[in-house]
Every structure is written in C-alpha cells, then in structure tokens.
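Topology and contacts: notes
One-letter residues, chain by chain:
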Amino acid sequence: MGTNVLRAEGLAAIRADRLVFRDLFFTLAPGGALIVRGPNGAGKSTLLRLIAGLLPPAAGQLCWQGENALLDLPLHARRIAYLGHQDAIKPALTAAENLGFAASVSGGSIAEALAALDLARLADLSARLFSAGQKRRLALARIVLSKAPLWLLDEPTNALDLAAIACLARLIAAHRAAGGLVIVASHAELSLPEATDLTLG
Amino acid sequence: MTLLLALVRRELALALRHGSDTVASLLFFLVVTSLFPLAIGPSPTTLGRLAPGIVWVAALLATLLPLDRLFGADFEDGSLDQLLLSGLSPLGIAAAKSAAHWLLTGLPLLLAAGPIAIMLQIAPARLPALLAGLLPGTITLSLLGTAGAALVLGSRRPGTLLPLLLLPLATPVLIFGTAAAETDAPRPELLLLTALLAAAAPLCPLAAGAGLRAAAE
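Residues numbered from 1 in each chain as written. Chains lettered and ligands numbered in written order. Predicted model: local features only at pLDDT ≥ 70, side-chain atom pairs only at ≥ 80, totals over all residues.

**Considering the overall build of chain B**
Within chain B, the secondary structure is distributed over 10 helices and zero strands. Moving toward the C terminus, one meets the helices and strands of chain B in the order α-α-α-α-α-α-α-α-α-α. Whereas a compact globule of 217 residues would reach a radius of gyration of roughly 17 Å, chain B reaches 18 Å, a difference of no more than 12%. Dimensions of chain B along its principal axes, counting C-alpha atoms only, are 55 × 35 × 30 Å. Here the analysis covers contacts within chain B between residues at least 6 apart in sequence; of these, 82% occur between residues at least 24 apart. (Helix = DSSP H or I, 4+ residues; strand = E, 2+ residues; numbered from the N terminus. Rg over C-alpha atoms; globule rule 2.2 N^0.38 Å. Contact = placed C-beta atoms within 7 Å.)

Below you can see the structure in the form of structure tokens.
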C-alpha cells in the first residue's frame, strides 16, 4: 500500500437540485486520516458516498495514485471498505454468515475479523439477537475483513460503547500503521492522532 | 466468477432462512391453478384446452411475487451499497440475482407445472412442449423481473409499479409459451422462446445494473 495517495480536486456534489458542497480539495497520503466534520445535513455522508463511487461528483476529480479513480468503478470499489449509516446486517444469518460474502471478496479470515471486534463468542449467534452496538461492531468487522487500503467510515461510533470506541481507535491506528488511509465522518470526538480536519457547511 | 457464485450462495442461504417467503410463490402457483377447476367446472375437455394458458398465466404471476424483495431488502438495509462496493460489476450483481431468483422461483414452478398440467387434464401429447417452453420462459421471466425490480428500486410504490411495468414486457413469452403447447409442431415457438431468452440474457442484467447504480445514488 506504499504509494496509495487519494487526492480530491475541486469536488462538488448536488443532491435534489441543491448544492451540498463545492471546491473541496484534500490530499491523503499513506497512513493519513481525514476527519470530516460539520452539522447534520452538511454533506458528510454525501462526501463519503462520492469518494466510494456510489455517487458521481457534480464537478471535480478524485485521484488515486494520480489517476482518475472513478473511471473504473468496480476497480475503485476494491480499494474501499465502506461503513454507511446502515449496518447492512441480515438478521436471518449468524454473525459469521453475515461476513461470508465479504470474506469471499477479500479472502480474509472471518474468525480473525470477529475477534478483532470482540465478537468471537457470538460468531454462531443469529444477528437478529444482536443489540445496535453489536450490529455496528459486526459491520466494523466487515471493514477489518476487507483488506482494502481506504476505509470510509460514516459515523462509526454510533451505538458503540466506550470500550468499542477504544477498540475502533486501535483498529484505525493499526490500519494506518500498515499504510492504510482512513476517512471518518463524525460529529462525535474520535481521537485520531495527526488527522486532518475537513469541516463542511 | 467465484464472487458471482458466492453471491448466488448468499442469496440461497438467505432464502432458505426465510423459508416462508420462498415457498410462497410456489404455493401461490398451486392455489391459483387449483382455483380454475373450481371456477370453470371440472369438464375435462374445457380444462384440458385451457390448461397451458392457466399454467402459463399462473407461472407468470407467481414469478412476480418475490420480486419486490429481490433488491428491496438489500436496498433498505444498506447491503446494496456493500454489493456495489464488492468489486462485482452491477451487471454481475444483477446476473447473480436473476440466477438466484430462477433457482428459487422458476425451477420449483417448472417442477410443479407437470403435475399441475396433468391435474388440469392437459392432453398428454402437449405436456412435453409445455414444459420445454417453460424452461426458457421462466428464465426469461426471471431476467425481465430482475431488470424491472432494479428499475423501480427507490420509487415510492415499487409494488404497484412493478407488475404494470413487467406484465406488458412478459406478453411475448406468454404468447409463444402457450402457443407451443397448443400445436402439434411446437418447434418454431420453442425456438422463438429461446431467442427471447438469448436477447434477455445480456440486455436485462445490463438494464438492471444501471437501475442499481441509479438507486444507490
């Protein structure tokens, strides 16, 4: 992951004929973290979806290693682990089964990912019985499992208790130490050392 | 390719857990076809003549039944975003969903159609053509259904919109399917059904993929 650099050049987004943000510039080097802040509705989630390639930018360019990242979306998708507001957890499946598809994408180990979020004990439990915080942790386990260099986390601390937030901070630190990039949209204080702040709205 | 299979496996695993949803369309097919002898009387000549049409219309309607959940559940719980970010192309996602839909709906219908047609007093000589038509026909319906389900995703009333969009598109399949089971030489009709499948196989996933991308915005 040594040379992975994400650069935004004048990004703009329009939702329902309303300009959400414009002229957004930032550069994220390997090991870098960007915290997107702003009041509700400022466009934090929109920015994350835009970087993920789920939403086309109204203007500007997103570059990965100096090349337009959004030209080949399936290729871009492989660089990304995305945590949305929703956990994308199927209540009918067990915790381990919920990660099954993500594991076949990345080839990672489900058991290790569950252990990283302290869910190993619950691997065979139906996700229907999970609390909101446990579901959030399961969704974070999917991020750990992905092995993607760029993590996009939309309000990752929602529903998490203090121990889980500390665990998340450790996981992000480990990801950055391995050369990964992190972009977090958050209104809660999440302590990320040497993170760049980007305030919207 | 392994990812496609993994997605089909995931769909099948989910469907097995939601067992009632899965058998619902098959039960619907059985119930609707059983209503016809009650409504038009058990006379073998009348029933036998209507049997192919009854089987086809019921199969078409039963195929529609699970479509609003095909992408609906994934759309609502955020799984669709994860699928689009899995590295599979939207076309691949749609193809896998079509395959799962056919395995869970089309294939059981195909297996049930024979006994049902016999119950409806179909002429024994017509049965092979009926089933031979249902094979490409149900696959085409699954493909069309996937495209329709993806296109109405995110609309306010997908459940109402979907049949209105799909039923007109499905009429050629219905026409050639029933025609094949009503003639002594069904070869042209069966070839036309296969041609419809050959056209739908690349086009429907393409349309469905575009619908998925649009819905995710």
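**Focus: the sheet that holds strand S9 (residues 196-199) of chain A**
All names here are of chain A. Strands sit in the order S6-S7-S8-S3-S9 across an open sheet of five strands; the sheet is parallel. What marks the edges here is a single partner per strand, and that holds for strand S6 (80-83) and S9. Taking each pair of neighbouring strands and ignoring which way they run, the sheet shows an average axis angle of 15°. One ladder, built from five bridges, connects strand S7 (residues 150-154) with strand S8 (residues 181-185); its direction is parallel. What sits directly across from Leu 152, in S8, is Ile 183. Its contacts with the sheet put helix H6 (residues 132-146) on S6 and S7, and the angle it makes with S6 is roughly 175°. (Pairing = 2+ DSSP bridges. Axes fitted to C-alpha atoms, helices over the stretch in contact; angles between N-to-C directions.)

**So, helix H3 (residues 44-64) of chain B**
For an α-helix, 3.6 residues make a turn, and residues three or four places apart therefore share a direction. All names here are of chain B. Over its 21 residues, H3 runs 29 Å from end to end, which matches the ideal 30 Å to within 8%, given 1.5 Å per residue. Along H3, the sharpest kink reaches roughly 50°, centred on Ala 51 and followed within four residues by the proline Pro 52. Considered for burial, the residues of H3 that qualify are Ala 51, Pro 52, Ile 54, Val 55, Trp 56, Ala 58, Ala 59, Leu 60, Ala 62, Thr 63 and Leu 64. For H3, the secondary structure elements touched by its buried residues are helix H2 (19-40), helix H4 (67-70), helix H7 (90-119), helix H8 (127-151) and helix H9 (158-180). (Expected span 1.5 Å × (residues − 1). Bend = angle between axes of the 7 residues up to and from the residue. Buried ≥ 20, exposed ≤ 12 C-beta atoms within 10 Å, placed from the backbone.)

**Overview of the sheet that holds strand S1 (residues 6-15) of chain A**
All names here are of chain A. With respect to topology, four strands assemble into an open sheet ordered S2-S1-S4-S5, the strand pairing being antiparallel. What marks the edges here is a single partner per strand, and that holds for strand S2 (18-28) and strand S5 (67-68). Sheet analysis places strand S4 (residues 59-64) next to S5, joined by two bridges and oriented antiparallel. Looking at the pairing, Trp 64 lines up with Glu 67 of S5. Contacts from helix H1 (residues 44-52) reach S1, S2 and S4 within the one sheet, and its direction differs from that of S1 by about 120°.

**Overview of the interface of chain A and chain B**
At the junction of the two partners, chain A supplies 20 residues and chain B supplies 22 residues. The set of elements that each furnish at least two residues to the side of chain A that touches chain B consists of helix H2 (73-77), S6 and helix H4 (100-106) of chain A. A per-element tally of the side of chain A that touches chain B places H4(A) first, with four residues. Looking at the side of chain A that touches chain B residue by residue, the class counts come to 12 nonpolar, four polar and four charged. (Nonpolar A, V, L, I, M, F, W, Y, C, P; charged D, E, K, R; others polar.)

**Some details on the pairing of S8(A)**
All names here are of chain A. Along S8, five of the five residues are buried, which leaves the element largely enclosed by surrounding structure. Covered by surrounding structure in S8 are Leu 181, Ile 183 and Ala 185 together with Val 182 and Val 184, the residues of both alternating faces. When strand S3 (residues 33-37) meets S8, the two strands line up parallel, connected through four bridges. Paired with Val 36 across the two strands is Ala 185, which belongs to S8. In the classification by handedness, the crossover that spans S7, the intervening helix H7 (residues 162-177) and the parallel S8 is right-handed. (Right-handed = clockwise from strand over helix to strand, strands pointing away.)

**Some thoughts on the packing of H3(B) against H7(B)**
All names here are of chain B. As a packed pair, H3 and H7 sit with axes 11 Å apart at the nearest point and diverge in direction by 155°. By the angle class used here, H3 and H7 are roughly antiparallel. Once H3 is placed against H7, the crossing between them reads as right-handed. Here H3 contributes Ala 51, Val 55, Ala 59, Ala 62 and Thr 63 to the contact with H7, which in turn contributes Thr 105, Gly 106, Leu 109, Ala 113, Ile 116 and Ala 117. (Parallel < 35°, antiparallel > 145°, perpendicular 65-115°, else oblique. Left-handed = near helix turned anticlockwise from the far one by under 90°.)

**Some points on the nonpolar core**
Ranked by internal contacts, the top residues of the largest apolar core, which has 126 residues, are Ile80(A), Ala141(A), Leu152(A), Val55(B), Ala59(B) and Ala150(B). Take this core: its biggest share by element is 12 residues, from H7(B). Sequence-distant contacts of Val55(B), defined by excluding residues within four places in its chain, comprise Thr33(B), Ala113(B), Ile116(B), Ala117(B) and Leu130(B). (Core = buried A, V, L, I, M, F, W, Y, C linked by C-beta atoms within 7 Å.)

**Thoughts on the pairing of S4(A)**
Residues and elements named next belong to chain A. Judged from the five bridges that link them, S1 and S4 form a sheet pairing that is antiparallel. From the neighbouring strand, Leu 6 faces S4, where its bridge partner is Trp 64. Linking two consecutive strands that pair antiparallel, namely S4 and S5, is a turn of two residues; a positive phi of about 50° is found at Gln 65 within it.

**What about unusual backbone geometry?**
All names here are of chain A. A positive phi angle, near 65°, is found at Lys 147, a position not held by glycine. Residue position: Lys 147 is located in the loop between H6 and S7. Classification of Lys 147 by C-beta neighbours within 10 Å gives partly exposed; the count is 18. In this model, Ala 159 sits at a positive phi of 70°, which is unusual for a non-glycine residue. Structurally, Ala 159 is set in the loop between S7 and H7. Under the C-beta neighbour-count criterion, Ala 159 is labelled partly exposed, with 15 such atoms within 10 Å.

Read these as spatial facts, not as claims about activity.
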